[in-house]
Amino acid sequence: MLTCGSYGTLTVTVTTTKNDHSVAWGTGKVSSPRLLGIPVSFSGTITDLTTGAVLGSFFQAKGHGMHRRATVTCTSPPETGTAADLGITGVNPTDTIEFDFSAQVVIKQH
């Protein structure tokens, strides 16, 4: 499930590939309404909610394709769990950790 701007909350099916490095850049399909999402960039943050410390963040942009097209921000609901459950080391294993994810996506009618 992703929330994508004015499109609201959508159930997205993503393409798969055997190449681990390209799976994140596959297209996402929505059956109702029939839409195709082409990711342009991804970002995320890992935060220790117990201490308020940001443990890490990332941003990855796709080459030069599609950057001139209009995009919409799609976000997933935050994932939370204990540091131990999520395999986060270097903090108290009982601390509550939150992972936030978003993507800039070109939406096309499918």
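Below is a summary of the structure that appears in this document. Quick caveat, the model's predicted, so the values are computed rather than measured.

What counts, and at which threshold
Residues numbered from 1 in each chain as written. Predicted model: local features only at pLDDT ≥ 70, side-chain atom pairs only at ≥ 80, totals over all residues. Heavy atoms only, no water. Helix = DSSP H or I, 4+ residues; strand = E, 2+ residues; numbered from the N terminus. Buried < 20%, exposed > 50% of the residue type's maximum accessible area, 1.4 Å probe, protein only. Contact = heavy atoms within 4.5 Å. Disulfide = S-S within 2.5 Å. Phe/Tyr/Trp six-rings, centres within 6.5 Å; stacked < 30°, edge-to-face > 60°.

### Examining the environment of glutamine 109
Okay, step 1: Relative to the helices and strands, glutamine 109 is located in strand β9 (residues 96–109).
Okay, step 2: Relative accessible area serves as the criterion here: at 67%, glutamine 109 is assigned to the exposed category.
Okay, step 3: Here glutamine 109 is in contact with Arg34 and Leu35, once residues within four sequence places are set aside.

### Some details on the side chain of threonine 47
Okay, step 1: Within the element layout of this structure, threonine 47 appears in strand β5 (residues 35–48).
Okay, step 2: Threonine 47 has contacts with Gly52, Ala53, Val54, Leu55, Thr96, Ile97 and Glu98, leaving out every residue within four places of it along the chain.

### Observations regarding the state of the cysteines
Okay, step 1: Scanning the entire structure with this criterion turns up one disulfide.
Okay, step 2: Covalent S-S linkage joins cysteine 4 and cysteine 74, the inter-sulfur distance amounting to 2.1 Å. Note on the cysteine 4 and cysteine 74 pair: the S-S dihedral is about 120 degrees, so by sign convention the disulfide is right-handed. Separated by 70 residues along the polypeptide, cysteine 4 in strand β1 (residues 2–4) and cysteine 74 in strand β7 (residues 72–75) bring together distant segments of the chain. Both residues of the pair, cysteine 4 and cysteine 74, count as buried.

### Digging into the packing of aromatic side chains
Okay, step 1: Counted according to the given criterion, the structure contains two aromatic pairs.
Okay, step 2: Ring geometry for phenylalanine 42 against phenylalanine 101: centres 5.6 Å apart, planes inclined by 35 degrees, an arrangement best described as tilted. One end of the pair, phenylalanine 42, is in strand β5; the other, phenylalanine 101, is in strand β9, with 59 residues separating them in the sequence.
Okay, step 3: The exposure class assigned to phenylalanine 42 is buried, which follows from its relative accessible area of 13%.
Okay, step 4: Judged by centre distance (6.3 Å) and plane angle (15 degrees), the ring pair of phenylalanine 58 and phenylalanine 99 falls under stacked. Separated by 41 residues along the polypeptide, phenylalanine 58 in strand β6 (residues 53–61) and phenylalanine 99 in strand β9 bring together distant segments of the chain.
Okay, step 5: The exposure class of phenylalanine 58 is partly exposed, given its relative accessible area of 37%.
Okay, step 6: On the basis of relative accessible area, phenylalanine 99 is assigned to the partly exposed category, the value being 26%.

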